[in-house]
Amino acid sequence: QAAPESSPGVAAVHRMGLGPIQRAAMVVKCLQIALTMGLCMPSGGQDVSDACRSPEDTQLPCSRMKDVVADGVPLEGEAAALLQHGIRGSGRLGGGLGGGAGRQAAERLGWLTAGLPFKEAAVIRSPFTLTMSTVQLCAPGRGKSGEETCWFTRAYGAQNADTEIAVSVPGPTILVKPGETLDITLQNDLRWPDPECGALNLGFCRANTTNLHTHGLHVSAQYNFQDDVFVHVMPGEHHTYKIDLPAYHMGGTHWYHPHSHHSAAVQAGGGSFGAIIVEDPKGALPKEFEDMEEKVVMISLIDGSLIINANGVFGQPLLERMAMGHLWRSHGRSVNFPDIAVLVNGLYKPKMTIEDNNKWYRFRIVYGTVELVLSIFPWFSKHSTCEMQLLAKDGVYLHEAPRFVDRLYFAPGNRVDIAIRCKCVGKPPCSSHLVSAARRPEATPDETRAEVNRDLDAFEKLGEAEHHRAAAPGTGPLAGIEEATCEQDLLHFHIRAPAAAHHTVSLPLFAVHRPCNLVDLRRVPVPPPNQGRIELMNPIDFRFQYAHQLTGGEAQGWQMKSMNEGPLARLNVGEVYQWYLRGPEGSENDRNGISIHPFHMHVNHFQIVSLEDLGGDSNFYKVGDWADTLMHGSGQAMIKSQTDAFIGSQIFHCHLLDHEDAGMMAHFKVGGKEGAWWHAARLVDPTCYRDLHGVGFKILHHPFHLKVPPMFVPSKPGSNCHVACADHGGCQGSVPLGTGKEFQGVLRMMGVACSSVTESADEHAPSMLHGGACIQRKAAAATGHCGMMAKGVIRFCRCGGM
């Protein structure tokens with residue numbers, strides 16, 4: 001109206017012909033882009049190519065938004081209030097910013113508001129549109145001013161004919177049945193600019209280009225409408241996926257996230273993810289499990305640091321800056337706060353109400369992150385106890401379930417299904433907690449309530465960054481892992497009196513009928529042409545190497561930078577392969593490999609056939625279990641997998657996604673006839689199925705029926721015990737033998753004749769040298785490392801028993 005025409009910004013608004021309310025909303029919208037998201041500086045700053053657009057597509061340069069306020073556009077009443085409170089208001093953001101709901105979104109996410117009621121994400125079924133957009137988060141104020149910090153991050157919303165789901169962290173939970181097609185239109189509502197990687201860039205760029213990966217699904221990656229991570233959806237564009245699940249797909253817990261190379265970490269780490277539940281067909285599980293009340297528990301992180309911590313972890317604002325993105329900013333500057341907070345379904349330490357009296361719940365837990373590890377256990381309390389029974393890992397049922405565990409381990413991308421029950425020692429109500437910590441604190445039944453509360457108070461303080469970042473890996477399978485363990489009180493249980501009696505005191509032991517692509521491969525011999533070694537290189541050389549043999553030979557590899565790099569090997573569809581995961585060959589790398597990089601493989605799960613027992617693993621890691629993502633303190637593992645049904649590229653990469661973006665990704669090229677499968681699977685397991693008609697289970701009357709009995713197996717000269725034990729239940733190390741008589745008994749069992757027997761504390765003993773001299777380890781010496789080898793030495797390997 002009476003604004004000075006000398007202000008280009010005001011003149012542009014005036015020329016749009018908008019009314020006062022519309023004009024104020026337009027100004028607020030551009031201010032939210034220009035100031036809150038840092039596309040323009042609040043004073044000075046450089047012009048950028050981005051611009052706000054009116055409904056009439058009139059451009060309003062962001063570099064002039066400050067002038068609109070500075071020159072004082074005369075707005076009154078509702079319009080003035082909207083302008084004054086717009087940045088902190090609850091109006092929807094329009095245009096390319098997507099549908100985040102401002103402060104309402106922050107309240108919905110419950111950022112650092114502990115104790116809000118547990119709430120699951122909304123669910124949706126195909127077909128639907130999945131929208132990549134933005135949502136606002138806010139952190140409470142610090143220091144004298146106490147002013148909170150708000151910023152925007154990328155997240156998903158969804159819509160189909162029946163449902164519209166607002167943009168939130170996490171995104172909606174997708175439900176699908178075996179044999180169905182996931183018909184998903186991915187709409188990218190992010191905006192330009194979207195800078196390419198420069199010559200000196202470390203691999204982070206194109207922050208607003210996206211795609212979709214269905215992590216854990218056994219589906220094709222061959223065509224651009226399937227789970228093809230070579231697809232790139234630019235800002236403002238859309239792409240339709242039609243992902244066909246085989247009729248024999250096992251029911252399980254999986255998740256989805258972006259996988260556009262060079263922006264996977266900044267997008268998935270910022271909040272773009274959600275759960276996928278492949279539903280179990282009727283009759284697939286015993287009734288006790290089929291009727292269990294389920295809870296989907298999506299665990300994620302908020303890392304607001306602008307620095308690289310001592311463990312080499314990149315905070316989310318730093319990743320955003322390195323990717324040349326424009327989010328994770330407040331008032332023109334990158335946010336920078338020291339906290340790492342673990343969220344459960346987007347909530348901070350939420351409270352879940354569960355029933356006492358032996359009621360079991362099924363928790364489907366997804367660790368949807370790109371950094372750090374979790375070690376989860378129920379906190380001991382004098383007034384309550386909790387019990388966990390393991391059902392499945394990474395969406396694949398155990399060969400025999402359930403299995404008692406007292407701790408759960410998660411690397412980024414892992415999923416775990418458990419049955420859990422809690423009960424009060426006295427009369428309900430009472431409380432308990434799920435916590436993550438590197439080491440489990442000692443607790444005794446006679447501990448006083450004050451002592452329990454003191455320990456819980458210590459966990460309440462674990463929201464501070466120095467506790468998270470300084471957490472040293474604990475004992476057992478976390479020993480030697482370089483990624484720090486998050487320490488935080490995760491989920492509070494309010495245990496109340498039951499609404500009805502529950503009579504299931506114990507759970508039956510059972511074995512599901514398995515699809516033929518997931519039969520037990522532990523005793524299946526793999527011919528040498530189908531064997532290979534995958535070497536996970538150490539930082540800062542983020543790449544894989546591959547050798548066409550388990551030990552020895554030359555391994556070759558390269559970083560994946562352009563997505564045009566060739567495959568590390570060519571495979572045939574419908575066969576079994578055996579791969580040795582480790583660091584580069586050499587004793588200095590014997591404990592590296594998967595202790596530094598969580599190994600993730602697309603399309604096909606793999607079975608662990610040898611994994612060193614580091615002790616204190618709480619029954620969680622067992623030879624014979626299946627996974628698609630593996631991290632372990634031993635640094636090495638032997639795995640077997642089928643190349644079932646699908647041809648094309650089979651991607652594998654480090655699931656610290658900043659490593660993947662930096663180039664630590666590779667692929668095999670699978671050739672042959674689409675749909676081919678390994679028919680010998682029916683010889684291994686006659687009950688295995690290729691359609692839904694074979695679904696079912698068997699009740700087991702005693703445990704460990706699949707356990708491979710312990711045995712001693714000699715290795716080949718210069719090889720190691722992972723290789724020797726690959727078909728014999730996995731390596732247990734070179735166990736010291738207490739007496740010469742015991743040692744001679746082992747030698748006779750193996751049919752070995754020694755020219756002489758000596759004692760030694762050598763790492764490789766018990767072993768045999770060329771010439772027939774046998775070396776017995778002294779009883780006091782430590783157990784030999786499964787992956788160690790020495791030229792000209794035959795190891796006597798203790799296999800099986802796990």
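Residues numbered from 1 in each chain as written. Predicted model: local features only at pLDDT ≥ 70, side-chain atom pairs only at ≥ 80, totals over all residues. Heavy atoms only, no water.

### Here we look at the overall build of the protein
Working step 1: The helix and strand tally for the protein stands at 14 helices and 45 strands.
Working step 2: Scored against the burial criterion, the 802 residues of the protein give a buried share of 61%.
Working step 3: Considering only residue pairs separated by 6 or more positions, the protein has 77% of its internal contacts joining residues 24 or more positions apart.
Working step 4: Surface accessibility of the protein: about 29800 Å² in total, with carbon and sulfur atoms responsible for 53%. (Helix = DSSP H or I, 4+ residues; strand = E, 2+ residues; numbered from the N terminus. Buried < 20%, exposed > 50% of the residue type's maximum accessible area, 1.4 Å probe, protein only. Contact = heavy atoms within 4.5 Å. Areas by Shrake-Rupley, 256 points an atom, 1.4 Å probe, with all protein chains shown as cover.)

### Quick look at the state of the cysteines
Working step 1: For the structure on display, the rule yields 9 disulfides.
Working step 2: Across the disulfide from Cys 424 sits Cys 430; the S-S distance is 2.0 Å. The disulfide joining Cys 424 to Cys 430 has a torsion of about -95° about its S-S bond and is therefore left-handed.
Working step 3: A sulfur-sulfur distance of 1.9 Å marks the disulfide that ties Cys 725 to Cys 799. Here the disulfide of Cys 725 and Cys 799 is left-handed, its torsion about the S-S bond being about -70°. A residue pair is termed long-range when its members are at least 10 positions apart, and Cys 725 in the loop between α13 (721-724) and α14 (740-750) and Cys 799 in strand β45 (residues 793-799) qualify at 74 residues. Per residue, the accessibility class of Cys 725 equals that of Cys 799, and both read buried. (Disulfide = S-S within 2.5 Å.)

### Examining the packing of aromatic side chains
When we look at a pair of aromatic rings, we describe it by the centre distance and by the angle of the planes.
Working step 1: Under the defined criterion, the tally for this structure stands at 16 aromatic pairs.
Working step 2: Between the aromatic rings of Tyr 409 and Phe 620, the centroid separation amounts to 5.7 Å while the plane-to-plane angle is 70°, which identifies the pairing as edge-to-face. Of this pair, Tyr 409 sits in strand β24 (residues 408-410) while Phe 620 sits in the loop between β34 (606-610) and β35 (626-627), placing them 211 residues apart in sequence.
Working step 3: In this structure Phe 620 comes out as buried when scored by relative accessible area, which is 2%.
Working step 4: Taking the centre distance of 5.1 Å and the plane angle of 80° together, the rings of Phe 544 and Phe 652 count as edge-to-face. A residue pair is termed long-range when its members are at least 10 positions apart, and Phe 544 in strand β30 (residues 544-547) and Phe 652 in strand β38 (residues 648-654) qualify at 108 residues. The pair Phe 544 / Phe 652 is uniform in exposure class, with both members buried.
Working step 5: The rings of Phe 544, Tyr 546, Tyr 577, Trp 579, Phe 599, Phe 606, Phe 652 and Phe 668 are connected pair by pair, giving a single aromatic cluster.
Working step 6: One cation-aromatic arrangement involves Lys 393 over Phe 620; the distance from NZ or CZ to the ring centre is 4.5 Å.
Working step 7: Residue placement shows Arg 690 over the ring face of Tyr 248; its charged tip is 4.1 Å from the ring centre. (Phe/Tyr/Trp six-rings, centres within 6.5 Å; stacked < 30°, edge-to-face > 60°. Lys NZ or Arg CZ within 6 Å of the ring centre and 35° of its normal.)

### With respect to the pairing of strand β29 (residues 531-536)
Working step 1: Among the 6 residues that make up β29, 6 are buried, leaving the element largely enclosed by the rest of the structure.
Working step 2: Burial along β29 is two-sided: Gln 531, Arg 533 and Glu 535 facing one way and Gly 532, Ile 534 and Leu 536 facing the other are all buried.
Working step 3: Pairing geometry for β29 and β30, over 4 bridges, is antiparallel. For Arg 533, the partnering residue across the bridge sits in β30 and is Ala 547. (Pairing = 2+ DSSP bridges.)

Treat this as a map of the structure, not an account of what it does.
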